Amino acid sequence: MRTPRLVVLALAAVLALTGCATGSPETGGGADPGAGGDGGADLVIYVGRNEDHVRPLVERFEDETGLTVDARYGSTGELATTILQEGGSSPADLFFTQDPAYMGAISEAGLLGPLPADILELVPEGITGADDDWVGVTARRRVLAYDPARTPEAQLPQSVFDLTTPEWAGRIGLAPTHSSFVSFVAALVAMHGEDETLAWLEAIADNEPQIFDGNEEQLRAIAAGDLDVGLVNHYYVHRLLAEDPAFPVRNHSFDPGDAGDVLMPTTIGMLASADHTETALDFVRFLLSEPSQRHFLEEVGEYPLRDGVGTPEGERPLDAELIGDMKLAEVAVNLDIATDLIARSGLI
């Protein structure tokens, strides 16, 4: 029997607050998103992304336009919960998330407005909301992180489903309360259905994985020799290598089309109650402009979604056919299901 919806929503809030409390790199600082008005700002954005990744672009937009932006940073789940509580009274014009599942919860609640065709056409088909009310900004792939000096790549599995075998007992790291893992589970549901997803989660739980609060913690445990492999997003390795070229951890990609290789877009949507609609749309266009997309590629290591900007070094290029197979619009409405299955599996 599925966990009652109210319990699932409570769990989603707990996951959000857990992510916020851990100090994960995905959790920006900033003020309480629900506190106060906009202070006369020309645009209010709830940003569920690392402040260091986004703040330079907010400042550039202000410099180029002469407008003021009230950017409120927090975890994606925390901010989604805030918007659901605020409803049509939210001061936010835009919601910028690190993954599609929490954006889908806002869309399902009817709190997003439609985006114009000129914005939707800037990204590959399949990386927009089913109702054209959100759009991808960048993308991250799910990968298996490892240290080649300790675990030869030839020994690594080609499918995420292979991690349930006895060979990997006690050797896998994951962060089941992190929103990126929740979105990954939402993708599993979209691609394989609820029963197969729950079976995988339970088999992983039976394999006694090492549990972490976030992705970077897994990479540091691998580098220290305390963990063999970790399920993470691809760009964490790129960021740590930029800080220390001797960092020993690398990314292993599962086979193309495997659920372990799923693409996780960051997303942005405009609230239907937005007070500054034209400025909000201009900011979305700004994020999808070539200079902004290059910022995410070069400074963060993420995939630009605007065609022709480039691909993160050493990573597989985007494949339009596989993007369609990943059913990202369906992933975006699977938040309740994903949190329910994670709870039922015993991973938390």
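Refer to the preceding data block for the structure.
Bear in mind the structure is a predicted one, so any value in this text is a computation, not a measurement. (Residues numbered from 1 in each chain as written. Predicted model: local features only at pLDDT ≥ 70, side-chain atom pairs only at ≥ 80, totals over all residues. Heavy atoms only, no water.)

**With respect to the pattern of salt bridges**
Phase 1 of the analysis: As enumerated under the stated definition, the model contains 18 salt bridges in all.
Phase 2 of the analysis: With its nearest N and O atoms 3.2 Å apart, the salt bridge here joins Arg-150 to Asp-228. Taken together, the residues Arg-150 in the loop between strand E4 (135–146) and strand E5 (172–174) and Asp-228 in the loop between helix H8 (215–223) and strand E7 (229–233) connect sequence positions 78 residues apart.
Phase 3 of the analysis: Residues Glu-243 and Arg-220 are paired through a salt bridge, measuring 4.0 Å at the closest nitrogen-oxygen approach. With Glu-243 in helix H9 (residues 235–243) and Arg-220 in helix H8, this residue pair connects regions lying 23 residues apart in the sequence.
Phase 4 of the analysis: Judged by its relative accessible area of 40%, Arg-220 is partly exposed.
Phase 5 of the analysis: Each of Glu-51, Asp-52, Arg-55 and Glu-59 takes part in one network of salt bridges that share partners. (Salt bridge = Lys/Arg side-chain N within 4 Å of Asp/Glu carboxyl O. Helix = DSSP H or I, 4+ residues; strand = E, 2+ residues; numbered from the N terminus. Buried < 20%, exposed > 50% of the residue type's maximum accessible area, 1.4 Å probe, protein only.)

**Here's the deal with the pairing of strand E2 (residues 69–73)**
Phase 1 of the analysis: Most of E2 sits out of view: 4 of its 5 residues are buried.
Phase 2 of the analysis: Summarising the sheet, strand E1 (residues 43–47) and E2 pair through 5 bridges and their orientation is parallel. Note that in E2 the partner of Val-44 across the bridge is Asp-70.
Phase 3 of the analysis: Read as a crossover between parallel neighbours, the route from E1 over helix H2 (residues 51–65) to E2 is right-handed. (Pairing = 2+ DSSP bridges. Right-handed = clockwise from strand over helix to strand, strands pointing away.)

**Structural notes on helix H3 (residues 76–86)**
Phase 1 of the analysis: For H3, a buried count of 8 out of 11 residues is recorded, marking the element as mostly surrounded by other parts of the structure.
Phase 2 of the analysis: Those residues of H3 not exposed but buried are Thr-76, Gly-77, Glu-78, Leu-79, Ala-80, Thr-82, Ile-83 and Glu-86.
Phase 3 of the analysis: Just downstream of H3, Gly-87 is the residue with a positive phi angle, here 60 degrees.

**Section: the packing of aromatic side chains**
Phase 1 of the analysis: According to the stated counting rule, one finds 6 aromatic pairs in the structure shown.
Phase 2 of the analysis: Here Phe-181 and Phe-184 contribute two aromatic rings whose centre-to-centre distance is 5.7 Å and whose plane-to-plane angle is 55 degrees, an arrangement assigned as tilted. Taken as a pair, Phe-181 and Phe-184 lie in helix H6 (residues 179–192) at a separation of 3 residues, close to a single helical turn.
Phase 3 of the analysis: Here Phe-184 and Trp-200 contribute two aromatic rings whose centre-to-centre distance is 5.6 Å and whose plane-to-plane angle is 80 degrees, an arrangement assigned as edge-to-face. One end of the pair, Phe-184, is in helix H6; the other, Trp-200, is in helix H7 (residues 194–206), with 16 residues separating them in the sequence. Of the two residues, Phe-184 and Trp-200, neither departs from the other in class, the shared state being buried.
Phase 4 of the analysis: Among the aromatic side chains, those forming a connected cluster through ring pairs are Phe-61, Phe-283 and Phe-286. (Phe/Tyr/Trp six-rings, centres within 6.5 Å; stacked < 30°, edge-to-face > 60°.)

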